[in-house]
Amino acid sequence: MKSKIVILPSLLLLAVGLQAQTKWTETNKNTYKLVANKGGQTLGYSPQSGIKIIQVDGFAFKDLNKNGKLDLYEDWRKPVNERAKDLAAQMTVEQIAGLMLYSRHQAIPAQEAGMFTGTYNGKPFSQSGAKPSALSDQQIAFLTKDNLRHILMTSVASPEIAAKWNNNIQTLVEGIGMGIPANNSSDPRNGANKDAEYNAGSGGAISQWPEELGLAATFDAAITQQFGSIAAQEYRAMGIATALSPQIDLATEPRWNRFVGTFGEDPKLATDMARAYVDGFQTPKKSIANYNGWGHQSVNAMVKHWPSGGPEEAGRDGHFAYGKFAVYPGNNFETHLKPFTEGAFQLNGSTKKASAVMPYYTISFGQDKKYGENVGNGFSKYIITDLLRDKYSYDGVVCTDWLITADEGAKPDVFAGKSWGVESLTVAERHYKVLMAGVDQFGGNNDIKPVLEAYQMGVKEQGESFMRKRFEQSAVRLLLNIFRVGLFENAYLDPNETKSIVGKPEFMKAGYDAQLKSVVLLKNQNKTLPIAKGKTVYVPKRTTPAGINFFGQPSPEKIEYPVNLELIKRYYTVTDDPDKADFAMVFIKSPISNGYSRTDREAGGNGYVPISLQLSDYTAVDARVQSIAAGDPVIDPTINNRSYVNKTSKSNSYPDLNTILDTKKAMKDKPVLVAVSISNPMVFSDFEKNVDAILGDFGVQVEALLDIVSGKAEPSGLLPLQMPANMSTVEKQLEDVPHDMIPYQDNVGNVYDFGFGLNWKGPIKDARTAKYSVKK
């Protein structure tokens, strides 16, 4: 029996006989329409896009390619695998090439200066008269001319603006080509700092949680899964269907500046947390059989960074040429894969494994035993095809980290392209090498041209049929991640519903409770804490020295209060006179430094300097005399040793030491509490014996710290890392080996090792410490 097809511009029914067959109803939602199929999927579409509704067997379907018939990929009754293959087979090479693009960072509205600029009808936003939710000229261009469908969002003015912007994008792409929806994404945006780049995406009105390292400090995977579930609801309400997270690199190198974005150094804890995070984002409340266990509230998780960016030599980061090498002096490569292979790829939920993977920039030095290449992970056939695809049977999307196909900067510390190991290739040749390595998508590339050039290289070398098959293979993977989260059925949002979901009170409470559980009490000499509300506190100003920020831009010195004193006043009387204070609270940040000095290079050195984890000046007498890896054929071909032995450096927190010591002197015998915002392991020997209590946090609101200081909440966090006894043990540890430092022991005998933390009674010993105990 043939299915009866009727094309309908709206709910208007053309005959009474047809009306009896209809199994759907339509509702006007202002800028879009919702079509509810009885016992089936609800569709959303925009009248402005020009698409029509097709009726088959009484049900409604969207005629996305406007050919007047129901294609398999448009049939929501069919399994998503079949739909993705049908659509991929119909797409042109140009359309697939666009699908392989992943946009550079997009602020909404576009910024007028800096890295994320854009225009509206050729004018900056403030002069354009455009609404904040309007599409920029650049966005319209890459959506229409480059066929791009994957967009990375940064800041937006509010949740409602995010919803309206999403609807504008979906209206545009629904009406062109094959009607493929936009798959909007975000880096983590639920941190406790409301002013941070991604958190500002909701004007701060989003649930606030500790950083990933803070989630690890709870030692409770259920909290991490709860975070993922709540964040997924907020993401989908803002039009975000892919999370460029979690960062599941095993942080075995204490000096790496992305340590705080990981689940720490312990393989078992990081693996459990990775699994929980991805399950939280991807597992829907209501799974759909035809979606392979996914649902309309699922969010794709892109785990990063395969095969781990944690063991960076001497802690230097792969965003820059000076940090392009990950090294394995402990022959511990396989351990770094566990958070992926035993965590993110072995989920408890219905989606089974993380939908996408991002390789890191780094060259996993000396690990390619098959082809003998030392190239960035995104270019490595061994790392992507032989390991990830073949050995570990991963068939999801693999997307490069941002800008790996672009040219590097003129100097090792310039923030630019990251084509490590293939610096001498052309941009198009790099794209071709990425494709042949087994990667599906190019992060941070809005431009279709080099992808098409790479396709033609493949045609010349492998033949047309080979390259067409290779393109379709990636297209199916990419399309599956759009089909499985329901975007083909309905990608539209009700801004009022968005406003009610993002940052709703129960979400905010859950995030705050997690913050409390992440705070670690390291020292509490003579039971200094808790300190009752109403006492008088002295909070000294904090000096941030002039330096260079992450993007290589100079930053001026700042002297300011480290926290909003109005928040402190909710708990205590604040004074600027230590003589009048009952106790002092000094807010500091764990020390870190750069690892490369242009001044040293210009003075005739190799440019490499120590990364310091202590507040006082540090001289690297125990550093390697010869670095494990070195070399840059383009910008630094003469540097074959990146050693920094016997060189001296300052951390970016060095003024904190004098602040602590001066405060102790001013307070005489009265208690001094130090609150450390921890981003990396740190050396405490400079000041620990001079203070009475130490609290460590991994990105929390000030109120959470004060709830613990005042006794409203009891500390329960545990260290997800080791705190080194000194910098000598840092230099002697091996970048790829966890738990291999001598931990610090304080003046009351407590050892700041992995799993250590205090409550009011003393060192915590519970089911968590038993489960994750490390045998020495």
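Values in this document were obtained by computation on a predicted structure and should not be read as measured data. (Residues numbered from 1 in each chain as written. Predicted model: local features only at pLDDT ≥ 70, side-chain atom pairs only at ≥ 80, totals over all residues. Heavy atoms only, no water.)

1. Let's talk about the nonpolar core
To be explicit about the condition: To define a nonpolar core, start from buried Ala, Val, Leu, Ile, Met, Phe, Trp, Tyr and Cys residues and group those joined through side-chain atoms within 4.5 Å. Under the scheme applied here, a residue whose accessible area is under 20% of the maximum for its type counts as buried, over 50% as exposed, and between as partly exposed, the area being computed with a 1.4 Å probe on protein chains only. Contact definition: two residues touch when any of their heavy atoms are within 4.5 Å.
In this structure, Trp306, Phe471 and Leu479 are the most contacted members of the largest nonpolar core, which totals 145 residues. When sequence neighbours within four positions are dropped, the list of residues in contact with Phe471 reads Val93, Ile96, Ala97, Met100, Leu435, Val451 and Tyr455. Within the second largest apolar cluster, 61 residues are counted, among which are Tyr571, Ala675, Met682 and Ile708.

2. Overview of the layout of surface pockets
This is how the line gets drawn: Site definitions follow a grid-based scheme: protein atoms alone, a 1 Å grid, a 1.4 Å probe that fits but cannot get out for cavities, and for pockets an open set with protein on both sides within 12 Å along at least five of seven lines, plus lining residues having an atom within 4 Å of a point. Grid points are joined across faces, edges and corners, and a volume is the space filled by probe spheres set on the points. Secondary structure elements follow DSSP: runs of H or I no shorter than four residues count as helices, runs of E no shorter than two count as strands, and numbering proceeds from the N terminus. Ten residues, namely Ala, Val, Leu, Ile, Met, Phe, Trp, Tyr, Cys and Pro, are considered nonpolar, four, namely Asp, Glu, Lys and Arg, are considered charged, and the remaining ones, Gly among them, are considered polar.
Taken as a whole, the second largest pocket holds about 500 Å³ of empty space. What lines the second largest pocket is a set of 27 residues, and nearest its centre among them are Gln297, Asn490, Tyr492, Leu493 and Glu497. Mapped onto the lining of the second largest pocket, the elements with two or more residues apiece are α6 (159-174), α8 (221-237) and α15 (495-501). Classifying every residue of the lining of the second largest pocket gives twelve nonpolar, eleven polar and four charged.

3. A look at the sheet that holds strand β3 (residues 33-37)
Test applied: Pairing between two strands requires that DSSP report at least two bridges joining them. To get an axis, fit a line to the C-alpha atoms, keeping to the stretch in contact for a helix; angles then go from 0 to 180 degrees between the N-to-C directions.
Reading across the sheet, the three strands line up as β2-β3-β4 and stay open at both edges, with antiparallel pairing between neighbours. Each edge of the open sheet is held by one strand with a lone partner, namely β2 (24-28) and β4 (42-45). For this sheet, the mean angle separating the axes of adjacent strands, direction not counted, is 20°.

4. Quick look at the environment of Pro578
As for its position among the elements, Pro578 is in the loop between β24 (573-575) and β25 (583-589). A C-alpha to C-alpha distance of 8.8 Å links Pro578 and Val539, two positions 39 residues apart in sequence. Ignoring any residue separated from it by four or fewer positions in sequence, one finds Pro578 in contact with Tyr538, Ala666, Met667 and Lys670.

5. What to know about the side chain of Thr218
By the element assignment, Thr218 lies in the loop between α7 (212-217) and α8. Exposure remark for Thr218: the relative accessible area of 3% places this residue in the buried category. In this structure, Thr218 is in contact with Ile223, Met273, Ala514, Lys517, Ser518 and Arg768, ignoring residues within four places of it in sequence.

6. Some thoughts on the sheet that holds strand β12 (residues 300-306)
If you walk across this open sheet you meet the seven strands as β8-β9-β10-β11-β12-β14-β16, and the pairing is parallel. The open sheet terminates on both sides in strands that have one partner only, identified here as β8 (105-108) and β16 (397-398).

7. Details of empty space enclosed by the protein
In total, this model carries nine cavities of 30 Å³ or more according to the counting rule given. Quantified by volume, the largest cavity comes out at close to 110 Å³. What lines the largest cavity is a set of 14 residues, and nearest its centre among them are Glu313, Ala314, Arg624, Tyr644 and Glu735. Class assignment for the residues of the lining of the largest cavity results in three nonpolar, four polar and seven charged. Around the second largest cavity, the lining residues are Tyr102, His150, Asn183, Thr242, Asn300, Met302, Ala356, Val397, Gln441, Leu478 and Asn481. When residues of the lining of the second largest cavity are traced back to their parent elements, those giving at least two are β12 and α14 (464-483).

8. Section: the confidence of the model for the protein chain
Heads up, the condition is: Here pLDDT means the predictor's own confidence in every residue, given as a number from 0 to 100.
The predicted model of the protein chain has a mean per-residue pLDDT of 94, with 95% of residues at 70 or higher. A low-confidence stretch, residues 9-19 stays under pLDDT 50, and its non-local contacts, those more than four residues away or across chains, total 14 contacts.

9. Comments concerning α8
Put simply, the test is: The span one expects for a helix is its residue count, reduced by one, times 1.5 Å. Throughout this description, a polar contact denotes any pair of N or O atoms lying within 3.5 Å of each other; where both atoms belong to protein, one of them has to be capable of donating a hydrogen while the other can accept it, and for residues adjacent in sequence the pair is counted only when both atoms sit in side chains.
Along its 17 residues, α8 runs 25 Å from first to last C-alpha, staying within 8% of the 24 Å computed at 1.5 Å per residue. Along α8, twelve of the 17 residues are buried, which leaves the element largely enclosed by surrounding structure. Taken residue by residue, α8 has Ile223, Thr224, Phe227, Gly228, Ile230, Ala231, Ala232, Gln233, Glu234, Tyr235, Arg236 and Ala237 as its buried positions. Among the residues of α8, the N-terminal cap falls to Asp220, whose side-chain oxygen and the backbone nitrogen of Ala222 are separated by 3.0 Å. Following α8 by one or two positions, Gly239 adopts a phi angle in the positive range, close to 85°.

10. A closer look at the packing of aromatic side chains
Selection criterion: Here a Phe, Tyr or Trp ring, Trp counted by its six-membered ring, pairs with any other such ring whose centre lies within 6.5 Å, and the pair is stacked when the planes are under 30 degrees apart, edge-to-face when over 60, and tilted otherwise. Comment: the charge-over-ring label is applied if NZ (Lys) or CZ (Arg) is within 6 Å of the ring centre and within 35 degrees of the ring normal.
Within the structure shown, the criterion is met by 35 aromatic pairs. Here the aromatic cluster, defined as three or more aromatic residues joined through ring pairs, consists of Trp209, Phe227, Tyr235, Phe263, Tyr277 and Phe281. Here the guanidinium or amino end of Lys418 rests over the ring plane of Tyr361, the centre of that ring lying 5.5 Å away. Between the NZ or CZ atom of Lys418 and the centre of the ring of Phe415, over which it lies, the distance is 3.9 Å.

11. As for helix α9 (residues 267-282)
Helix length check: α9, at 16 residues, gives a terminal C-alpha distance of 22 Å against a target of 22 Å (1.5 Å per residue), a fit within 8%. For α9, the buried fraction is high: 15 of the 16 residues fall into the buried class.

12. Regarding unusual backbone geometry
Cis geometry is adopted by the peptide bond preceding Pro109, which originates at Ile108 and carries an omega value of -5°. Note that Pro109 resides in the loop between β8 and α4 (125-128). The amide bond that connects Leu529 to the next residue, Pro530, takes the cis arrangement and shows omega of 0°. Residue placement: Pro530 occurs in the loop between β18 (520-524) and β19 (536-538). Non-glycine residue Lys66 carries a positive phi angle of around 55°. By the element assignment, Lys66 lies in the loop between β6 (59-62) and α2 (80-90). The class for Lys66 is partly exposed, based on a relative accessible area of 43%. For Asn646, which is not glycine, the phi torsion reads 70° and is therefore positive.

13. Regarding the pattern of salt bridges
Selection criterion: The working definition used for a salt bridge is a side-chain nitrogen of Lys or Arg within 4 Å of a carboxyl oxygen of Asp or Glu.
Here the structure, examined in full by the defined rule, presents 38 salt bridges. Taking the shortest distance from any N to any O, the salt bridge between Asp272 and Lys268 comes out at 4.0 Å. Placement of both Asp272 and Lys268 in helix α9 is noted, with a separation of four residues, approximately one turn of the helix. Here Asp272 falls in the buried class, since its relative accessible area comes to 12%. Among the ionic contacts, a cluster of salt bridges with common partners joins Arg389, Asp395, Asp440 and Arg477.

14. Considering the pairing of strand β10 (residues 183-186)
Consecutive side chains along a regular strand alternate between the two faces of the sheet. Inclusion rule: Call a crossover right-handed when, viewed with both strands pointing away from you, the route from the first strand across the helix to the second goes clockwise.
Burial along β10 is two-sided: Asn183 and Ser185 facing one way and Asn184 and Ser186 facing the other are all buried. The pairing of strand β9 (residues 150-156) with β10 spans four bridges and is classified as parallel. Considered in β10, the bridge of His150 is made with Asn183. Note on the crossover from β9 through α6 to β10: the handedness is right-handed. Pairing of β10 with strand β11 (residues 242-243), which is carried by two bridges, proceeds in the parallel orientation. Bridging from a neighbouring strand, Ser186 pairs with Ala243 of β11.

15. Let's talk about the packing of helix α5 (residues 137-144) against α6
Under the convention used in this document: If you view the pair so one helix is near and one far, a crossing is left-handed when the near helix is turned anticlockwise from the far one by less than a right angle, and right-handed when it is turned clockwise.
Between α5 and α6, whose axes approach to 10 Å, the crossing angle comes to 35°. Classified by chirality, the crossing of α6 by α5 is right-handed. Residues Gln139, Ile140, Leu143 and Thr144 of α5 touch α6, and the partners they reach there are Trp165, Ile169, Leu172 and Val173. Among the residues forming the contact of α5 with α6, the class breakdown is six nonpolar, two polar and no charged.

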